[in-house]
Amino acid sequence: MRNIAAFFSILMPGFGQIYNGQFIKGVFFIITEHFDNALGQINKAIHLDLNGLHQQAVETTNFEYMLFYPGFYAYCVWDAWYYAKPNADKTKTAIPFIMGGFLGEIGAILANRLLIPTLTVAMLMIIPMICGMIAFRNQ
């Protein structure tokens, strides 16, 4: 159940919260994600990047909004995962998610130097979060 909530938030920030029964928080996260995604032109950059137009993807992105996204994304996934289990330990379970958000920020800052920027940044964020979900699954 816990990993399902996190998986839903990996797909779309806010869906995991709705799955956990936190409807208002979930809707708020979905609206925030769409606002940030549209202003940062993140989906357009992903489309260009995955079609081989890597430099155009970096040029299209509005980094004033995009740099907010990795931390927000990692928080949404952690929040869904954490609140899916009552009485979970907040302190150490957040570390892999914080690392994912931090690595996503660093990847976004260095995007113009990466071969496939959006895929690289996504993997820098998602891999630590999945490792954390596996490592702390019983806590």
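Here, the structure is the one placed above.
Residues numbered from 1 in each chain as written. Predicted model: local features only at pLDDT ≥ 70, side-chain atom pairs only at ≥ 80, totals over all residues. Heavy atoms only, no water.

It is worth spelling out the pattern of salt bridges at this point. Under the definition given, this model contains one salt bridge. The partner of D79 in a salt bridge is K25, and the shortest N-O contact between them spans 3.1 Å. Here D79, found in helix α7 (residues 69-83), pairs with K25, found in helix α3 (residues 23-40); they are 54 residues apart in sequence, far enough to count as distant. (Salt bridge = Lys/Arg side-chain N within 4 Å of Asp/Glu carboxyl O. Helix = DSSP H or I, 4+ residues; strand = E, 2+ residues; numbered from the N terminus.)

We now examine the layout of surface pockets. Its boundaries defined by the atoms lining it, the largest pocket holds a volume of some 550 Å³. Contributing to the lining of the largest pocket are 29 residues, with I42, I46, Y69, T118 and A122 lying nearest its centre. Within the residue set of the lining of the largest pocket, elements represented by two or more residues are α1 (2-11), α3, α4 (42-50), α5 (54-60), α6 (63-66), α7 and α10 (117-135). Tallying contributions element by element places α10 first for the lining of the largest pocket, with eight residues. In terms of residue class, the lining of the largest pocket is made up of 24 nonpolar, four polar and one charged. (1 Å grid on protein atoms, 1.4 Å probe; cavity = no way out; pocket = protein on both sides within 12 Å on 5 of 7 lines; lining within 4 Å. Points joined across faces, edges and corners; volume = space filled by probe spheres on them. Nonpolar A, V, L, I, M, F, W, Y, C, P; charged D, E, K, R; others polar.)

Bringing the packing of α7 against helix α9 (residues 95-109) into the picture now. α9 packs onto α7 with a crossing angle of 165 degrees between their chain directions and a minimal axis gap of 8 Å. In terms of orientation, α7 and α9 fall into the roughly antiparallel class. α9 is crossed by α7, and the crossing has right-handed handedness. Facing P70, G71, A74, V77, W78 and W81 of α7, the residues of α9 in contact are F97, G101, G104 and E105. Class assignment for the residues of the contact of α7 with α9 results in six nonpolar, three polar and one charged. (Axes fitted to C-alpha atoms, helices over the stretch in contact; angles between N-to-C directions. Parallel < 35°, antiparallel > 145°, perpendicular 65-115°, else oblique. Left-handed = near helix turned anticlockwise from the far one by under 90°. Contact = heavy atoms within 4.5 Å.)

Scanning the model with the defined rule gives 11 aromatic pairs in all. With a centroid separation of 6.4 Å and an interplanar angle of 90 degrees, the aromatic rings of F35 and Y65 are classed as edge-to-face. Placement of the pair is F35 in helix α3 and Y65 in helix α6, with a sequence separation of 30 residues. On the basis of an interplanar angle of 85 degrees and a centroid distance of 4.8 Å, the ring pair of Y82 and Y83 is categorised as edge-to-face. Judged by its relative accessible area of 10%, Y82 falls in the buried class. In this structure an aromatic cluster arises from ring pairing among F28, F29, F68, F72, Y75, W78, Y82 and Y83. Directly above the aromatic system of Y83 lies the positively charged group of K25, at a separation of 4.4 Å from the ring centroid. (Phe/Tyr/Trp six-rings, centres within 6.5 Å; stacked < 30°, edge-to-face > 60°. Buried < 20%, exposed > 50% of the residue type's maximum accessible area, 1.4 Å probe, protein only. Lys NZ or Arg CZ within 6 Å of the ring centre and 35° of its normal.)

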